Amino acid sequence: MEKRDYFEEVYEVVRQVPPGRVTTYGAIAQFLSLRAGARMVGWAMNGCHARPDVPAQRVVNRVGVLSGKHFFGTPTRMQELLEVEGVRVNDDRVVEFQKLLWDPSIELTI
DNA sequence: AGAGTGACTGGCT
DNA sequence: GAGCCAGCCACTC
């Protein structure tokens, strides 16, 4: 193992996502110059088990679907976590997802 | 070394 | 909006 180089970068970005907002794998990948590695972002999130401080529920796919909800303890865990933060979820999709979208390459300045 | 898989995306239908 | 296909990189067997 020990290959969590860009993993840490992904975690750092996700960690900076403000509550009540969501981001996409593609946005993170593009921000980290890993555009072709959007899937890798998801794979990186696979290691979120060792990073409880990473709000993976705020990371959804490009259409706002909670594609990773299955990886949470329960199928509704991710949705509830988002709703608690004020993010409305309908049929596993984030309501007004585009409005709640938080793009690191635009809103975040490093 | 080769093939399969995956928390994705873009384009087209 | 929803579905299908192809491209991409990393990891596992």
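Residues numbered from 1 in each chain as written. Chains lettered and ligands numbered in written order. Predicted model: local features only at pLDDT ≥ 70, side-chain atom pairs only at ≥ 80, totals over all residues. Heavy atoms only, no water.

1. Focus on the layout of surface pockets
1) Next: When its volume is computed, the largest pocket comes out at roughly 450 Å³.
2) Next: Forming the boundary of the largest pocket are 21 residues, of which Met45, Cys48, Ala56, Phe71 and Phe72 lie nearest the centre.
3) Next: Taken together, the elements giving at least two residues each to the lining of the largest pocket come down to α3 (38–45) and α4 (77–84).
4) Next: Broken down by class, the residue content of the lining of the largest pocket amounts to twelve nonpolar, seven polar and two charged. (1 Å grid on protein atoms, 1.4 Å probe; cavity = no way out; pocket = protein on both sides within 12 Å on 5 of 7 lines; lining within 4 Å. Points joined across faces, edges and corners; volume = space filled by probe spheres on them. Helix = DSSP H or I, 4+ residues; strand = E, 2+ residues; numbered from the N terminus. Nonpolar A, V, L, I, M, F, W, Y, C, P; charged D, E, K, R; others polar.)

2. Notes on the protein's contact with DNA strand B
1) Next: Not every one of the 17 residues close to DNA strand B is listed here, only the nearest: Arg39, Met40, Cys48, Arg62 and Phe71.
2) Next: Among atoms of DNA strand B positioned within 4 Å of the protein, sugar and phosphate together represent 44%.
3) Next: Contact between DNA strand B and Arg39: a base nitrogen at 2.6 Å from a side-chain N or O atom of the residue.
4) Next: The contact in question runs from a base nitrogen of DNA strand B to an N or O atom on the backbone of Met45, over 3.0 Å.
5) Next: Of all the secondary-structure elements, those providing two or more residues to the surface near DNA strand B are α2 (25–31) and α3.
6) Next: Here the surface near DNA strand B gets six residues from one element, more than from any other, and that element is α3.
7) Next: When grouped by side-chain class, the residues that make up the surface near DNA strand B number eight nonpolar, seven polar and two charged. (Near = heavy atom within 4 Å. Polar contact = N/O pair within 3.5 Å; in protein donor to acceptor, adjacent residues only side chain to side chain.)

3. Looking at the nonpolar core
The nonpolar side chains of a soluble globular protein tend to be buried, and buried together.
1) Next: Residues Val10, Val14, Ile28, Val41 and Met45 are the most contacted members of the largest nonpolar core, which totals 18 residues.
2) Next: When residues of this core are traced back to their parent elements, those giving at least two are α1 (5–15), α2 and α3.
3) Next: The element contributing the most residues to this core is α1, with five residues.
4) Next: Among all residues touching Ile28, those that are not within four sequence positions of it are Val10, Val13, Val14, Thr23, Val41, Val59 and Pro104.
5) Next: Among the nonpolar cores identified, the runner-up in size contains ten residues, and Leu66, Met78, Val87 and Val89 belong to it. (Core = buried A, V, L, I, M, F, W, Y, C linked by side-chain atoms within 4.5 Å. Buried < 20%, exposed > 50% of the residue type's maximum accessible area, 1.4 Å probe, protein only. Contact = heavy atoms within 4.5 Å.)

4. Examining unusual backbone geometry
1) Next: Within the chain, Asp91 stands out as a residue other than glycine whose phi angle is a positive 55°.
2) Next: The topology assignment puts Asp91 in the loop between β3 (89–90) and β4 (93–94).
3) Next: The backbone of Glu96 sits at a positive phi, close to 50°, despite the residue not being glycine.
4) Next: Among the secondary structure elements, Glu96 is positioned in the loop between β4 and α5 (97–100).

5. Concerning the packing of aromatic side chains
1) Next: Applying the stated criterion across every chain yields a total of two aromatic pairs.
2) Next: Taking the centre distance of 4.8 Å and the plane angle of 65° together, the rings of Tyr6 and Phe7 count as edge-to-face.
3) Next: Exposure remark for Tyr6: the relative accessible area of 24% places this residue in the partly exposed category.
4) Next: Judged by relative accessible area, which is 12%, Phe7 ranks as buried.
5) Next: Ring centres 6.3 Å apart and planes at 85° place the aromatic pair Phe7 and Tyr11 in the edge-to-face group. In this pair, Phe7 and Tyr11 both sit in helix α1, four residues apart, roughly one turn of the helix. For the pair Phe7 and Tyr11, a shared accessibility class is recorded, and that class is buried.
6) Next: In this structure an aromatic cluster arises from ring pairing among Tyr6, Phe7 and Tyr11. (Phe/Tyr/Trp six-rings, centres within 6.5 Å; stacked < 30°, edge-to-face > 60°.)

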